[in-house]
There are 2 protein chains.
Amino acid sequence: MQQYFVKGEAKSSVVIEDKDTVKHMFQVMRLAKDDQVVLVFDDGIKRLARVADENDHRFELIEELPDQVELPVNVTIACGFPKGDKLEFLAQKTTELGASQLWAFPADWSVVKWDSKKIAKKVEKLQKIALGAAEQSKRNRVPEVNLFASKAEFLAMLNQFDTILIAYEESAKAGERATLVEALSKSSNGDQILFIFGPEGGLSPDEVAQFETKGAHKVGLGPRIMRAETAPLYALSVVSFALEMQQ
Amino acid sequence: MQQYFVKGEAKSSVVIEDKDTVKHMFQVMRLAKDDQVVLVFDDGIKRLARVADENDHRFELIEELPDQVELPVNVTIACGFPKGDKLEFLAQKTTELGASQLWAFPADWSVVKWDSKKIAKKVEKLQKIALGAAEQSKRNRVPEVNLFASKAEFLAMLNQFDTILIAYEESAKAGERATLVEALSKSSNGDQILFIFGPEGGLSPDEVAQFETKGAHKVGLGPRIMRAETAPLYALSVVSFALEMQQ
């Protein structure tokens, strides 16, 4: 069944205001009176709802649904600004794979330079992709997108995490395999976990050292070299496997 | 260091014949006498080599390298023919993530219809993408690409596998989480494991039943609904985690 996110608190009778959502509901899907959809408000609970008035775009809630598909931990994926449309790709794929947040920051070896105007536009676009992917993958929440104008701003956010893991190619090459397994086995439900990934050229030794002073640990993600946009998918998949499938 | 696959057996002195490889070596990378690269022949062993004669495209082998980055099991990813360029995407990403083979077949609910001419062209293109991705991710082997003209041909290949797992959305929705974990924990090094994925519309109940008569098991891949091209990446990532990282 089609699912839509609706900003605000759940009300027994709700009028959809968001233009894109209205368009998808009544033009693309051609919903008519009494058709049912799933609505997800800010509390992340899925609710069955039926069209009460298609002209006013008004729905009435029928019942709460028990579906809860969020990862047991909150995973933030943070990438050095990559080239091209890799963040667009990541906004879709990390949402499907359960990320809580998608962040990016200007890494030392990032080739692209984005000013605040570009960043604002990019965030809007990425947030829209994440919304669409969250509806399609039936998430209970939409990942939050945040692009930092400076690395200092990104560094200032690191103290909110329980665990910070740096995906580091040199660790992978050196055959480092224990840190990720150990970090996941020690995690508790509700933990805030941050994975940091470099841009195409990787992270500089300087910035890795900076992250380490904030308590970050370098991890290998298997012995093969993955592209910048593939490694976050590996990380999210294994979090799911370790904390959802193996439990 | 740049890595290239060379068809045939390793010889102490080797002339590169493949045009694309020659072009990349001597035009893109501008290799000159005594420059070093890694060459990988059919035996999958990486060997350090140096340019002996740049005009003849001749290399001399220096030494064998111990790098072995292949998954301990052979994983074949088989998908129902998907729309658009999703197989191109999968050829790149499944190679990075360690697949042995990428297969596709006309599933009941595949929208696209490809004749033998189209299939031959597509295989050639996909094999080239897999080659490039295998060089970039420093694999010891290039995954083999195979597209089947009929489902019967695909079904006839299933008896060569030790384990066949069907990624089935209904299993995921029903919260099925044990089968994948159990299958991986029971696997032995060198096993042939096949994962079957549907096209965008999923697998039909009929074909799922056909696969099951061949010994396949339905598995859930976590509670979130993934797109057709995302689920194979999840599968390969967790094979790596279970059999490389957690061992």
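Just so we're clear, the structure is a prediction, and the values are computed from it rather than from any experiment.

Caption draft 1: Representation of the environment of A:Glu17. Residue and element names in this part refer to chain A. With respect to the secondary-structure elements, Glu 17 resides in the loop between β2 (13–15) and α1 (19–28). For Glu 17, a relative accessible area of 67% corresponds to the exposed category. Separated by eleven residues in sequence, Glu 17 and Val 6 have C-alpha atoms that sit 8.7 Å apart.

Caption draft 2: Spatial organisation of unusual backbone geometry. All names here are of chain A. Look at Asp 34: it is not a glycine, yet its phi comes out positive at around 75 degrees. In this fold, Asp 34 is placed in the loop between α1 and β3 (36–40). In this structure, Lys 138 is a non-glycine residue whose phi angle is positive, near 60 degrees. Relative to the elements of secondary structure, Lys 138 occurs in the loop between α3 (116–136) and β8 (144–147).

Caption draft 3: How the structure looks around the nonpolar core. With 85 residues, the main nonpolar core has A:Leu180, A:Phe195, B:Leu180 and B:Phe195 as its most contacted residues. B:Leu180 has contacts with A:Phe241, A:Met245, B:Leu165, B:Phe195, B:Val219, B:Gly220, B:Leu221 and B:Val238, leaving out every residue within four places of it along the chain.

Caption draft 4: Summary view of the pattern of salt bridges. Summed over all chains, the structure comprises 36 salt bridges over all chains. The salt bridge involving B:Asp20 is made with B:Lys128; its shortest N-O contact spans 3.5 Å. In this pair, B:Asp20 is assigned in helix α1 (residues 19–28) and B:Lys128 in helix α3 (residues 116–136), connecting sequence segments 108 residues apart. Classification of B:Asp20 as partly exposed rests on a relative accessible area of 46%. We note a salt bridge from B:Lys86 to B:Glu200, for which the minimum N-O separation is 2.7 Å. Residue B:Lys86 is located in helix α2 (residues 86–96), and its partner B:Glu200 is located in the loop between β10 (192–197) and α7 (205–213); the two are separated by 114 residues in the primary sequence. One salt-bridge network, held together by shared partners, links A:Asp34, A:Arg50, A:Arg58 and A:Glu60.

Caption draft 5: Summary view of the sheet that holds strand β5 (residues 58–65) of chain A. Residues and elements named next belong to chain A. The sheet built from five strands is open, its strands ordered β1-β3-β4-β5-β2 with mixed pairing. The outermost strands of the open sheet, each flanked by one partner alone, are β1 (3–5) and β2. Neighbour-to-neighbour, the strand axes of the sheet open up by a mean angle of 40 degrees, direction not taken into account. Where β2 lies against β5, three bridges are found, and the strand directions are antiparallel. Note on β5: the bridge partner recorded for Ser 13 is Glu 60.

Caption draft 6: Spatial organisation of the domain arrangement of chain A. Residue and element names in this part refer to chain A. For chain A, the domain assignment lists domain 1 (3–65) and domain 2 (74–245). Centre-to-centre, using C-alpha coordinates, domain 1 lies 32 Å away from domain 2. Here domain 1 and domain 2 share an interface that buries about 680 Å² over both sides, 48% of which is from carbon and sulfur atoms. Looking only at domain 1, the three residues that lose the most surface to domain 2 are Gln 3, Phe 5 and Lys 46, adding up to 70% of its buried area. The interface formed by domain 1 and domain 2 includes one salt bridge. Counting across the domain 1 and domain 2 interface gives four residue pairs in polar contact (both at pLDDT 80 or more). The element that contributes the greatest number of residues to the side of domain 1 that touches domain 2 is β1, accounting for three residues. For the side of domain 1 that touches domain 2, the per-class residue count stands at three nonpolar, two polar and two charged.

Caption draft 7: The relation of the copies chain A and chain B, seen in detail. Turning chain A through 180 degrees and shifting it by 0.0 Å along the axis lays it on chain B, with an RMSD of 0.0 Å. Such a combination of rotation and displacement between the chain copies is what one expects of a two-fold axis. Taking C-alpha positions as reference, the residue of chain A nearest the rotation axis is A:Val238, located at 2.8 Å. The overlap is high: 100% of the interface residues of chain A also sit at the interface in chain B, so the same surface is used on both sides.

What counts, and at which threshold
Residues numbered from 1 in each chain as written. Chains lettered and ligands numbered in written order. Predicted model: local features only at pLDDT ≥ 70, side-chain atom pairs only at ≥ 80, totals over all residues. Heavy atoms only, no water. Helix = DSSP H or I, 4+ residues; strand = E, 2+ residues; numbered from the N terminus. Buried < 20%, exposed > 50% of the residue type's maximum accessible area, 1.4 Å probe, protein only. Core = buried A, V, L, I, M, F, W, Y, C linked by side-chain atoms within 4.5 Å. Contact = heavy atoms within 4.5 Å. Salt bridge = Lys/Arg side-chain N within 4 Å of Asp/Glu carboxyl O. Pairing = 2+ DSSP bridges. Axes fitted to C-alpha atoms, helices over the stretch in contact; angles between N-to-C directions. Domains from an automatic or database assignment. Buried area = accessible area lost by both parts, 1.4 Å probe. Polar contact = N/O pair within 3.5 Å; in protein donor to acceptor, adjacent residues only side chain to side chain. Nonpolar A, V, L, I, M, F, W, Y, C, P; charged D, E, K, R; others polar. Least-squares fit on C-alpha atoms with pLDDT ≥ 70 in both.

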